[in-house]
Amino acid sequence: MRLNEIEYNDAVPIDGYGPGFFRIGGQVVEGPVIVLPSGVKSWGGYDDTATILEQTDHVDVLFVGTGAEIAHAPADFRKALEDAGIGVEVMASPAACRTYNVLLSEGRRIAVALLPV
């Protein structure tokens, strides 16, 4: 088996998560969070599309972690992002963290918005 060390360049991977928090790039962040190419920010939930739309030049796909279980994202949230040219993939937060890390290691133009588990 061949093992390769992953390099994330300037982006930060998600190291872990737990009840009400995420550990991102070695730092613990409480509550909903968005991880963008420009860094980690608190996220106001589905009503906060402005934080995401500021990064439209740097993101092709946004993964949305809906907490412990998968749930639908509100239609107006999805529409605002898709109208700006950002693809939206909704999944449970644990799956969103894993998917984000894998695609980040491939150098993809992605972001993740996470609700805590």
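Procedures and definitions
- Residues numbered from 1 in each chain as written.
- Predicted model: local features only at pLDDT ≥ 70, side-chain atom pairs only at ≥ 80, totals over all residues.
- Heavy atoms only, no water.
- Pairing = 2+ DSSP bridges.
- Helix = DSSP H or I, 4+ residues; strand = E, 2+ residues; numbered from the N terminus.
- Buried < 20%, exposed > 50% of the residue type's maximum accessible area, 1.4 Å probe, protein only.
- Contact = heavy atoms within 4.5 Å.
- Expected span 1.5 Å × (residues − 1).
- Axes fitted to C-alpha atoms, helices over the stretch in contact; angles between N-to-C directions.
- Salt bridge = Lys/Arg side-chain N within 4 Å of Asp/Glu carboxyl O.
- Polar contact = N/O pair within 3.5 Å; in protein donor to acceptor, adjacent residues only side chain to side chain.

Undergrad: I would appreciate a short explanation of the pairing of strand β1 (residues 14–18) in the present structure.
TA: Side-chain direction in a regular strand flips from residue to residue, so the side chains alternate between the two faces of the sheet. Where β1 lies against strand β2 (residues 21–24), four bridges are found, and the strand directions are antiparallel. Bridging from a neighbouring strand, Ile 14 pairs with Ile 24 of β2. Counting the residues that bridge the hairpin from β1 to β2 gives two residues, and of these Gly 20 lies at a positive phi of roughly 85 degrees.

Undergrad: When you look at the environment of Ile 34 in this model, what are you seeing that I'm missing?
TA: Mapped onto the fold, Ile 34 is located in strand β4 (residues 33–36). Judged by its relative accessible area of 0%, Ile 34 falls in the buried class. Separated by 65 residues in sequence, Ile 34 and Thr 99 have C-alpha atoms that sit 14 Å apart. When sequence neighbours within four positions are dropped, the list of residues in contact with Ile 34 reads Gly 39, Val 40, Lys 41, Ser 42, Trp 43, Thr 51, Ile 52, Leu 62, Val 112 and Ala 113.

Undergrad: Got a minute to help me understand the environment of Pro 19 in this structure?
TA: Relative to the helices and strands, Pro 19 resides in the loop between β1 and β2. For the pair Pro 19 and Ala 68, spaced 49 residues apart in the sequence, the C-alpha separation amounts to 9.4 Å.

Undergrad: Just checking my understanding: could you explain helix α3 (residues 93–105) for this structure?
TA: Along an α-helix, residues three or four apart share an orientation, since each turn contains 3.6 residues. Relative to the 18 Å expected for 13 residues at 1.5 Å per residue, α3 spans 18 Å between its end C-alpha atoms, a close match to the ideal helical length. Where α3 is concerned, the buried positions are Ser 93, Pro 94, Ala 96, Cys 97, Tyr 100, Asn 101, Leu 103 and Leu 104. As for α3, its buried residues are in contact with β1, β2, β4, β6 (61–65), β7 (87–91) and β8 (110–114). Downstream of α3 by one or two residues, Gly 107 has phi in the positive range, about 80 degrees.

Undergrad: Teacher, can you tell me more about the sheet that holds β2 here?
TA: Two pairing modes exist for strands in a sheet, parallel and antiparallel, and in both the strands are linked by backbone hydrogen bonds. The three strands are arranged β1-β2-β3 in an open sheet whose pairing can be described as antiparallel. Strands at the two margins of the open sheet, each flanked by one partner only, are β1 and β3 (27–30). For this sheet the average axis-to-axis angle between neighbouring strands, irrespective of direction, equals 20 degrees. Pairing of β2 with β3, which is carried by four bridges, proceeds in the antiparallel orientation. Residue Arg 23 lies in a different strand from β3, and its bridge partner there is Val 28.

Undergrad: Please clarify how the pattern of salt bridges should be interpreted in this entry.
TA: Any two side chains of opposite charge can pair, on the condition that their charged atoms come close. Applying the stated criterion across every chain yields a total of five salt bridges. Residue Arg 78 pairs with Glu 82 through a salt bridge whose shortest N-O separation is 3.4 Å. On the criterion of helical spacing, the pair formed by Arg 78 and Glu 82 is a turn pair, its members being four residues apart in helix α2 (residues 75–83). A salt bridge links Glu 106 to Arg 108; the shortest N-O distance between them is 3.1 Å.

Undergrad: Hey, could you run me through the side chain of Ser 93 in this one?
TA: One can find Ser 93 in helix α3. By relative accessible area, which is 1% here, Ser 93 ends up buried. Reaching out from Ser 93, the side chain makes a polar contact with the backbone oxygen of Gly 65 at a distance of 3.3 Å. Those residues in contact with Ser 93, other than ones at most four positions away along the chain, are Gly 65, Thr 66, Gly 67, Leu 114, Leu 115 and Val 117.

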